[in-house]
Structure formats: C-alpha cells, structure tokens
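# Working through the structure, step by step
This is what each chain is made of:
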Amino acid sequence: QVITVTIEEGVTTIGGGAFEHCDYLEEVNIASTVKEIKWRAFSDADKLERIHFPAGVENIYSKAFYCCVGLKEITVDAENKNYCAEDGVLFNIDKTELIAYPANKADTIYVIPESVDVIGDYAFNYSKNLEEAVFPETMKDIGVEAFFYSISFKNAKLSDGIKEIKDTSFGACS
C-alpha cells in the first residue's frame, strides 16, 4: 500500500500509468528535474487530494489525472514557463486552455475564465460536486470526455462562439 511517493532529483519523466490504480496514494513529491508527466500517470489514484508541479515541468499529458476522484487542488510553481494554476485548476501558461479541474473540488458552480478558448480532453471528468459551468464567449472547443461522468453536473451555459463539442464531452453526466 503506497501512501507517499517522492520522485527523487534526476528523474525526468513520470511514465504512463506509473502510479495508476495506486488506491492508497495520498501524497506525491515531484523533483524539480521532472520535465514530463505522461498519459494516465496518476489515473485512478482515488485518495490523492493535492499535487504540486515544480518549475521544470514542460509537458503534462491529457488523462494524467483521469478518474482521480479525490483530487481537490492542483498547484504549480510560479516560475513554471508552461503551466499555471488558479483556484486549484490547471491551465496552460497563457490560460487559453483549461487542462484539469480537480474532480473533488468543493465548488458547485465554476465560471471559466474569459481567457480560456479550449477545454482540454478529460479536463472535468469524474467531477463529484460540480453542478454548473459557465463558458466564456471566447470558448471555441470542448475536448473529448471533458465532463464525462460528472455525476452532479446539471447545467452548461454554452456560449455562441463554440465551434466544436467533441466525442462524449458530456457523456454519462447524471
């Protein structure tokens, strides 16, 4: 039963599925040398509540936190040149793409920032508490399974500017 993981200095990549289904994983300490976090690296780690990305992280693959139903907050070092977080939500550095919304974030309504024009694939998947999302007029694209299996989701205030709603974007919402 792995509860805490410390990625030591020198490690540059956390591979796909590296900590997938680590059901008891609560804490991950990522070394400053890590540059890449691959697909499903932490997926289904149900007890993981918070994760912090150091300044050197350059690439976080989609689905890195797929079905992390306990995740409440994502933070990013202020010196990171590729990613940032606001109110516990992960964005690319210029905040044009919302990458990951923690599945166990307490908020029931989320107003997506005006700068966002893309909701990334799997961004809100398995959200427990989110009931409503308000999309900015700048929104163009909602990714694959973006809100998939968001069990409390009831209302999407979509904007006129949306060009594409991808496969199962709102699939399995109650």
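This text gives an overview of the structure that appears in the document. All values reported here derive from a predicted model rather than from experimental measurement. (Residues numbered from 1 in each chain as written. Predicted model: local features only at pLDDT ≥ 70, side-chain atom pairs only at ≥ 80, totals over all residues. Heavy atoms only, no water.)

In terms of helices and strands, the protein carries zero helices and 16 strands. Relative to its length of 174 residues, the protein is compact, with a C-alpha radius of gyration of 15 Å against a globular reference of 16 Å. The principal-axis extent of the C-alpha atoms belonging to the protein is close to 45 × 30 × 25 Å. Sorting the 174 residues of the protein into buried and exposed places 48% on the buried side. The long-range fraction of contacts in the protein, counting pairs at least 24 apart against all pairs at least 6 apart in sequence, stands at 30%. Roughly 8100 Å² of accessible area belongs to the protein as shown, and the carbon and sulfur atoms make up 47% of that amount. (Helix = DSSP H or I, 4+ residues; strand = E, 2+ residues; numbered from the N terminus. Rg over C-alpha atoms; globule rule 2.2 N^0.38 Å. Buried < 20%, exposed > 50% of the residue type's maximum accessible area, 1.4 Å probe, protein only. Contact = heavy atoms within 4.5 Å. Areas by Shrake-Rupley, 256 points an atom, 1.4 Å probe, with all protein chains shown as cover.)

Enumeration according to the criterion identifies 16 aromatic pairs in this entry. A ring pair is formed by Phe 19 and Phe 42, whose centres lie 5.5 Å apart and whose planes are at 10 degrees; its orientation type is stacked. Separated by 23 residues along the polypeptide, Phe 19 in the loop between strand 2 (13-14) and strand 3 (27-29) and Phe 42 in the loop between strand 4 (36-37) and strand 5 (50-53) bring together distant segments of the chain. Here Phe 19 falls in the buried class, since its relative accessible area comes to 15%. One aromatic cluster is present, built from ring pairs that chain together Tyr 101, Tyr 110, Phe 124, Phe 135, Phe 147, Phe 153 and Phe 170. (Phe/Tyr/Trp six-rings, centres within 6.5 Å; stacked < 30°, edge-to-face > 60°.)

Our focus in this paragraph is the nonpolar core. One finds Ile 37, Phe 42, Ile 51 and Phe 53 to be the most contacted residues of the largest nonpolar core, which totals 29 residues. Only strand 5, strand 7 (73-76) and strand 10 (97-100) provide two or more residues apiece to this core. Core analysis: the second largest hydrophobic core is formed by 20 residues, Ile 112, Ile 119, Phe 135 and Ile 162 among them. (Core = buried A, V, L, I, M, F, W, Y, C linked by side-chain atoms within 4.5 Å.)

Our next topic: the sheet that holds strand 15 (residues 155-157). Within the open sheet, the three strands sit side by side as 11-13-15. Their pairing is parallel. Lying at the two open borders of the sheet, with one neighbouring strand each, are strand 11 (109-111) and strand 15. Taken pair by pair, the neighbouring strands of this sheet meet at an average axis angle of 10 degrees, ignoring direction. (Pairing = 2+ DSSP bridges. Axes fitted to C-alpha atoms, helices over the stretch in contact; angles between N-to-C directions.)

It is worth spelling out the pattern of salt bridges at this point. A complete count under the given rule lists ten salt bridges for this structure. Residue Arg 50 is joined to Glu 73 by a salt bridge in which the shortest nitrogen-to-oxygen separation is 3.4 Å. With Arg 50 in strand 5 and Glu 73 in strand 7, this residue pair connects regions lying 23 residues apart in the sequence. With relative accessibility at 46%, the residue Arg 50 sits in the partly exposed group. Two residues, Lys 105 and Asp 107, come together in a salt bridge whose shortest N-O distance is 3.4 Å. (Salt bridge = Lys/Arg side-chain N within 4 Å of Asp/Glu carboxyl O.)

Let us look at the pairing of strand 7. Side-chain alternation along strand 7 places Ile 74 and Val 76 on a buried face and Glu 73 and Thr 75 on a face that remains uncovered. Where strand 5 lies against strand 7, four bridges are found, and the strand directions are parallel. Along strand 7, the bridge assignment pairs Phe 53 with Val 76.

Here the focus is the sheet that holds strand 16 (residues 164-165). Read from one edge of the open sheet, six strands run 8-9-10-12-14-16, paired in mixed fashion. Each of the sheet's edge strands pairs with one partner strand only, and the pair in question is strand 8 (83-86) and strand 16. Sheet analysis places strand 8 next to strand 9 (residues 89-92), joined by four bridges and oriented antiparallel. For Glu 86, the partnering residue across the bridge sits in strand 9 and is Val 89.

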